[in-house]
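So you can see what is in the structure, the chains are spelled out below.
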There are 2 protein chains.
Amino acid sequence: MSKLSQQILEIVKDSDKHMTAEEIFLLAKKKKVDISLASVYRVLNSLSEEGCLRRISFSNKADVYDKSVSDHGHLVCSKCKETVDLEFKDLRKILLKQTGVDFDYYELTINYVCEKCKRLKEKRK
Amino acid sequence: MSKLSQQILEIVKDSDKHMTAEEIFLLAKKKKVDISLASVYRVLNSLSEEGCLRRISFSNKADVYDKSVSDHGHLVCSKCKETVDLEFKDLRKILLKQTGVDFDYYELTINYVCEKCKRLKEKRK
DNA sequence: CTAAATGCAAACTATTTGCAACGAT
DNA sequence: ATCGTTGCAAATAGTTTGCATTTAG
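Residues numbered from 1 in each chain as written. Chains lettered and ligands numbered in written order. Predicted model: local features only at pLDDT ≥ 70, side-chain atom pairs only at ≥ 80, totals over all residues. Heavy atoms only, no water.

**Q** Explain the protein's contact with DNA strand D here, please?
**A** Taken together, 17 residues lie near DNA strand D, and Leu4(A), Ser36(A), Ser39(A), Arg42(A) and Tyr41(B) sit nearest. Counting only the atoms of DNA strand D that lie within 4 Å of the protein, the sugar and phosphate share comes to 65%. Note that a phosphate oxygen of DNA strand D is positioned 3.0 Å from one of the side-chain N or O atoms of Ser2(A). Ser36(A) places a main-chain nitrogen or oxygen 2.8 Å from a phosphate oxygen of DNA strand D. (Near = heavy atom within 4 Å. Polar contact = N/O pair within 3.5 Å; in protein donor to acceptor, adjacent residues only side chain to side chain.)

**Q** What is the right way to look at the domain arrangement of chain A in this model?
**A** For an interface, size is often stated in terms of accessible area lost upon the parts coming together. Residue and element names in this part refer to chain A. Segmenting chain A into domains produces domain 1 (3-66) and domain 2 (73-124). Each partner contributes to the interface: domain 1 provides nine residues, whereas domain 2 provides nine residues. In terms of surface lost to domain 2, no three residues of domain 1 exceed His18, Arg54 and Phe58, which account for 60% of the buried area on that side. Linking domain 1 to domain 2 there are zero salt bridges. For the side of domain 1 that touches domain 2, the per-class residue count stands at two nonpolar, three polar and four charged. (Domains from an automatic or database assignment. Contact = heavy atoms within 4.5 Å. Buried area = accessible area lost by both parts, 1.4 Å probe. Salt bridge = Lys/Arg side-chain N within 4 Å of Asp/Glu carboxyl O. Nonpolar A, V, L, I, M, F, W, Y, C, P; charged D, E, K, R; others polar.)

**Q** Explanation requested: the protein's contact with DNA strand C in the structure shown.
**A** Neighbouring DNA strand C are 17 residues; Tyr41(A), Leu4(B), Ser36(B), Ser39(B) and Arg42(B) lie closest to it. Backbone sugar and phosphate groups make up 65% of those atoms of DNA strand C lying within 4 Å of the protein. Side-chain polar atom of Arg55(A) to a phosphate oxygen of DNA strand C: 3.4 Å apart, as the coordinates give it. One nitrogen or oxygen atom from the main chain of Asp34(B) is found 3.2 Å from a phosphate oxygen belonging to DNA strand C. Where the surface near DNA strand C is concerned, the elements lending two or more residues are helix 3 (37-49) of chain A together with helix 3 (37-49) of chain B. Each residue belonging to the surface near DNA strand C can be placed in one class, and the counts come to seven nonpolar, five polar and five charged. (Helix = DSSP H or I, 4+ residues; strand = E, 2+ residues; numbered from the N terminus.)

Structure (structure tokens):
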């Protein structure tokens, strides 16, 4: 693993948020890590493939990278896309039992409309 | 709902696969439905927002549209992206109980490597 | 007559890629 | 000397948008 790969991985691991490639790039810049955006993409792709990170897609938005590669889900507001991590008890076990497939990982996104956006919607009426 | 919207919806509902906007566009053409690609996108967006269809994103691939708007998940091969629908018993209930959030819908993607791709991988070694 | 829907081409965004230069082994 | 890594610019892919035109009510 190259030095830049390590630094990028560290940046993602140190953050509490899911970040887009662009956000990671900017944060790297701020931390004086000298890397181009193209390389950020390349490095993030490698890291995801190696299982050090997880790449997540939401409709209509740039992909984000998640430092947590263990089982968990996301609660996402359909309007503003704000995302909260969710832990589930025994979900892997339940899915395994119901599908019979020994899978690598699951991506569970629960869509709802957050309070903020609900209120906005009301106002617009 | 415009005539074209209805026709596009019908095309999606009639198909057993998840299709990309492009695939839907081509299928429409074949069925002599005269519509531009831009309008296919516009129509699919409206239909998704109205809850008649569901738009699904996978990393690295064009979004697909799912005729099934009821609770279900997808088993996706990480390599070839081939997708199979999955039904889960009581999953909504379980998620509701564990999160306490009365959500609109969930998107559950289970990632694995299908047999075909597993064999390919072996060969490459 | 007005508002909504459409086609076309252009714009846009996110992401990937070709290539030459660089760096470590 | 070789091979993976990088930066840059260009390419690509998917999707959206502005605008003039058509269509439906």
